[in-house]
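One-letter residues, chain by chain:
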Amino acid sequence: MVDSLGYRMKFGVIAPSTNTSVQPEFDAMRPVGVTNHFSRIVIPDNPVTSDDDFNKLMDDIRAALMDSVDAVMTCRPDYLVMGMSAETFWDGLEGSIELERRVEERAGVKVAMGSDACRAALGCYDNVKRLGVITPYMPVGDVQVRKFFTDCGFEVVNLKGLKCKSPMQIAHVSETELRDAINEVDGPDVDAIVQVGTNLAMARVAGIAEFWLGKPVIAINTATYWWALRQNGIADKIQGYGTLLARH
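The rules behind these values
Residues numbered from 1 in each chain as written. Predicted model: local features only at pLDDT ≥ 70, side-chain atom pairs only at ≥ 80, totals over all residues. Heavy atoms only, no water. Salt bridge = Lys/Arg side-chain N within 4 Å of Asp/Glu carboxyl O. Helix = DSSP H or I, 4+ residues; strand = E, 2+ residues; numbered from the N terminus. Buried < 20%, exposed > 50% of the residue type's maximum accessible area, 1.4 Å probe, protein only. Contact = heavy atoms within 4.5 Å. 1 Å grid on protein atoms, 1.4 Å probe; cavity = no way out; pocket = protein on both sides within 12 Å on 5 of 7 lines; lining within 4 Å. Points joined across faces, edges and corners; volume = space filled by probe spheres on them. Axes fitted to C-alpha atoms, helices over the stretch in contact; angles between N-to-C directions. Parallel < 35°, antiparallel > 145°, perpendicular 65-115°, else oblique. Nonpolar A, V, L, I, M, F, W, Y, C, P; charged D, E, K, R; others polar. Phe/Tyr/Trp six-rings, centres within 6.5 Å; stacked < 30°, edge-to-face > 60°. Pairing = 2+ DSSP bridges. Polar contact = N/O pair within 3.5 Å; in protein donor to acceptor, adjacent residues only side chain to side chain. Core = buried A, V, L, I, M, F, W, Y, C linked by side-chain atoms within 4.5 Å.

Draft legend 1. The pattern of salt bridges, seen in detail. In total, this model carries 15 salt bridges according to the counting rule given. Two residues, Asp60 and Lys56, come together in a salt bridge whose shortest N-O distance is 2.7 Å. Here Asp60 and its partner Lys56 are both found in helix α2 (residues 51–72), 4 residues apart, which amounts to about one turn of the helix. According to the relative accessible area criterion, Asp60 is buried, its value standing at 15%.

Draft legend 2. Region of interest: helix α8 (residues 203–213). Listing the buried residues of α8 in full gives Ala203, Val205, Ala206, Gly207, Ala209, Glu210 and Leu213. Next to the buried residues of α8 lie α1 (22–28), α7 (175–185), β7 (192–195), β8 (217–219), α9 (220–231) and α10 (243–247). Residue Gly214 follows α8 closely and has a positive phi angle near 70°.

Draft legend 3. Structural context of the layout of surface pockets. Considering only enclosed or pocket space, the largest pocket measures out at about 250 Å³ in volume. Lining the largest pocket we find 15 residues, and of these Glu210, Phe211, Gly242, Thr243 and Arg247 sit closest to its centre. Tallying contributions element by element places α8 first for the lining of the largest pocket, with 4 residues.

Draft legend 4. Looking closely at the packing of helix α4 (residues 92–107) against helix α6 (residues 139–151). Running from N to C, α4 and α6 point in directions that differ by 95°, and their axes come no closer than 7 Å. On the basis of their axis angle, the class for α4 and α6 is roughly perpendicular. Seen from α4, the contacting residues are Gly92, Leu93 and Ser96; seen from α6, they are Gln144, Lys147, Phe148 and Asp151. Of the residues assigned to the contact of α4 with α6, the class counts are 2 nonpolar, 3 polar and 2 charged.

Draft legend 5. Seen up close, the packing of aromatic side chains. Following the criterion strictly, the structure yields 11 aromatic pairs and no others. Pairing Phe148 with Phe149 gives two aromatic rings, centres 5.5 Å apart and planes at 75°, and the pair type is edge-to-face. Phe148 gets classed as buried once you look at its relative accessible area, which sits at 0%. For the ring pair Phe149 and Phe154, a centre distance of 6.3 Å and an interplane angle of 80° mean the geometry is edge-to-face. Relative accessible area serves as the criterion here: at 11%, Phe154 is assigned to the buried category.

Draft legend 6. View of the sheet that holds strand β2 (residues 34–41). Strand order in the open sheet made by the 4 strands is β2-β1-β3-β4, with parallel pairing throughout. At either margin of the open sheet sits one strand with a lone partner, and together these are β2 and β4 (111–112). Pairing of strand β1 (residues 9–16) with β2, which is carried by 8 bridges, proceeds in the parallel orientation. The residue bridging Ile14 from the neighbouring strand is Ser39, located in β2. α9 contacts β1, β2, β3 (79–82) and β4 of the sheet and is inclined by roughly 165° relative to β3.

Draft legend 7. Geometry of the side chain of Ser68. On the secondary structure map, Ser68 appears in helix α2. The class of Ser68 is buried, set by a relative accessible area of 2%. Here Leu65 takes part through its backbone oxygen, which lies 2.6 Å from a polar atom of the side chain of Ser68. The residues contacting Ser68, other than those within four sequence positions of it, are Ile14, Ser39, Arg40 and Ile41.

Draft legend 8. Structural context of the nonpolar core. Of all hydrophobic cores here, the largest spans 71 residues; its most connected members are Phe11, Phe54, Leu80, Met82, Leu122, Leu131 and Phe149. Element by element, the count of residues in this core is highest for α2, at 9 residues. Dropping the residues within four chain positions of it, Met82 is found in contact with Ile14, Leu65, Thr88, Leu99, Val103, Val111, Ala112, Met113 and Thr224. If you look at the next biggest cluster of nonpolar residues, it comprises 18 residues, including Cys164, Ile182, Val185 and Ala206.

Draft legend 9. Looking closely at empty space enclosed by the protein. Under the defined criterion, the tally for this structure stands at 3 cavities of 30 Å³ or more. In this model, the largest cavity occupies a volume close to 190 Å³. In terms of lining residues, the largest cavity is bounded by 19 residues, among which Pro16, Ile61, Tyr137, Ile170 and Thr198 are the most central. Counting residues per element, the ones that place at least two in the lining of the largest cavity are α2 and α3 (86–89). At 4 residues, α2 tops the list of elements feeding residues into the lining of the largest cavity. Grouping the constituent residues of the lining of the largest cavity by class yields 12 nonpolar, 6 polar and 1 charged.

By themselves, these figures tell us nothing about what the structure is for.
Here's what the structure looks like:
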């Protein structure tokens, strides 16, 4: 017997309790027969105004992460998707590999992480080496993102950290602000633009931006959901979120 609604794939998804963007964006990309089942990493919406505050936020996430994995696994999903990104970049490529190992060991199923997804997404395009990157983080988080992409063989030419004032307020960044950030990190020496931070609602904006820039613009929620689908043999092409989901 298979799940009556998730007869093709039943995804378990973990995301911070403060995140209001990743669930609607994942659901908007969901093919028929695939279902998303969210578990929340319960954290407070504390102010983030410094690197110390950001490190405390990361500690809060780490303390609650595995409990959220345990909770979602009670619905017996086929696969796990991490709807949070900062921790997946922490300590570069080596840290990402170790996190994937620990989460898969705890869950007993395979997992899609934002860091892996962005790396795989960039590999779909020819001659992408130099990146513009957008984050909602404080500088201490930006350092980790830069390290991951450098470890993977990319050069981060420009990086814009939006320094959002709390984890919940990341979702308050408007499409206009995201457009301006894209233009700020773009340039003739940039091959592609990548946005991280799953509470930034950038999936739609990234797809539109590709038309005016003529280069890949990768939103992490799009990349992560695309990676989860493709890793499970679901090749549906989905319009409205850029070339990654529409063509690859």
